[in-house]
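# Chain and residue survey
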Amino acid sequence: SVASATFTVDNSPPTVTIGAPSVAITANGPVIFAVTYADANFSASALTAANVSLNRNGTADGSVEVSGSGANYQVTVFSISGDGTLSLSIASGTATDLAGNPAPAAASQTFIVDHTAPAVKISAPSAAITAPGPVTYTVTYSDDNFKPSTLVASQVTLRKTGTANGEIGVAGSGETRTVAISNITGDGTLGIFIAAGSASDLADNPAPAVGPSATFTVD
């Protein structure tokens, strides 16, 4: 008997792998995903932006562009807006192997879209009236994606009336800081303002300016 030449039987479609987003959290992006096709008998791919859908949560939105060819592509999400999460879905059939098996659909991990700046609150003063002090205020930051604050004395301004005056110091860390006014002199009232940018979140949204606080009397 004489054996014939063989032929390959292939019923396995190309695999589609979407890499992790280039950043886990962002305000404006861009955010990049690597898309890779793999198949021992790979033929061709034709991934375009029309094959990519954005999965939106909350008010998050963006636009998609695609670059690359063959087995390797890059999907970029840009013009990002809103708050929430975004991820990608790639439709089936964006690649084939030599047996004509179409690539399946695929979905990516999500990333967070955050355009909301940290909130800043200043408590009431520790005393309503004082002569030398010190008097303290508690400054509290809140944000779902908070990054440690960088509040320093130079970012705190006294709100003065009459001849009242004092010296500012800042202590604490993280989301809670204590602003102390000491060496208080004169007569009148004192309060505080906090400049913008004294903290940020993981998407680099800066905290806004806040104040004036409630005042206390210097007598």
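See the structure shown above.
So, a few notes on the structure that sits alongside this text. Predicted, not measured: the structure shown is a model, and the values here were computed from it. (Residues numbered from 1 in each chain as written. Predicted model: local features only at pLDDT ≥ 70, side-chain atom pairs only at ≥ 80, totals over all residues. Heavy atoms only, no water.)

Inspection of the entire model under this criterion finds two salt bridges. Between Asp 61 and Arg 56 there is a salt bridge; the shortest N-O distance is 2.7 Å. The class of Asp 61 is partly exposed, set by a relative accessible area of 29%. A salt bridge links Lys 147 to Asp 204, with the shortest nitrogen-to-oxygen separation between them at 2.7 Å. Here Asp 204 lies in the loop between strand E20 (200-201) and strand E21 (216-218) and Lys 147 lies in strand E15 (residues 146-147), a separation of 57 residues in the sequence. When its relative accessible area of 52% is taken as the criterion, Asp 204 is described as exposed. (Salt bridge = Lys/Arg side-chain N within 4 Å of Asp/Glu carboxyl O. Buried < 20%, exposed > 50% of the residue type's maximum accessible area, 1.4 Å probe, protein only. Helix = DSSP H or I, 4+ residues; strand = E, 2+ residues; numbered from the N terminus.)

Now for the sheet that holds strand E17 (residues 165-173). Judged by pairing direction, the sheet is antiparallel, and its four strands sit side by side in the order E12-E14-E18-E17 without closing on themselves. What marks the edges here is a single partner per strand, and that holds for strand E12 (119-122) and E17. Direction aside, neighbouring strands of the sheet carry axes that sit 20° apart on average. In this sheet, strand E14 (residues 135-142) lies alongside E12 in antiparallel orientation, the contact comprising four bridges. Counted as the bridge partner of Ile 122 is Val 139 from E14. (Pairing = 2+ DSSP bridges. Axes fitted to C-alpha atoms, helices over the stretch in contact; angles between N-to-C directions.)

Let us look at the pairing of E17. With eight bridges connecting them, E17 and strand E18 (residues 176-185) associate as antiparallel partners. Each residue of the ladder has a partner; that of Val 170, found in E18, is Val 179. Between E17 and E18, which pair antiparallel in sequence order, lie two residues; one of them, Gly 174, sits at a positive phi of approximately 60°.

Turning next to the sheet that holds strand E7 (residues 72-81). Here four strands make up an open sheet; going across it, the order is E1-E3-E7-E6 and the pairing antiparallel. Looking along the sheet, the strands with just one partner apiece sit at the ends: strand E1 (15-18) and strand E6 (61-69). Strand-to-strand twist of the sheet, defined as the mean angle between neighbouring strand axes without regard to direction, takes the value 20°. With four bridges connecting them, E1 and strand E3 (residues 31-38) associate as antiparallel partners. Bridged to Val 16 within E3 is Tyr 37.

This part covers the environment of Pro 21. Counting through the fold element by element, Pro 21 comes out in the loop between E1 and strand E2 (25-26). Considering only alpha carbons, one finds Pro 21 and Ala 127, 106 residues apart in sequence, at a separation of 50 Å. The contact partners of Pro 21, leaving out residues within four places of it in the chain, are Val 31, Ile 32, Phe 33, Gln 109, Thr 110 and Phe 111. (Contact = heavy atoms within 4.5 Å.)

Attention now goes to the packing of aromatic side chains. Taken as a whole and judged by the stated rule, the model has five aromatic pairs. Both rings, one in Tyr 137 and one in Phe 216, keep their centres 6.4 Å apart while their planes meet at 45°; by these two values the pair is tilted. With a gap of 79 residues between them, Tyr 137 in strand E14 and Phe 216 in strand E21 connect regions that are remote in the sequence. Its relative accessible area of 0% is what places Phe 216 among the buried residues. Ring centres of Tyr 141 and Phe 146 lie 5.8 Å apart, and the angle between their planes is 25°; this geometry places the pair in the stacked category. Across the pair, exposure class does not vary: Tyr 141 and Phe 146 are buried alike. (Phe/Tyr/Trp six-rings, centres within 6.5 Å; stacked < 30°, edge-to-face > 60°.)

Keep in mind these numbers describe shape, not what the thing actually does.
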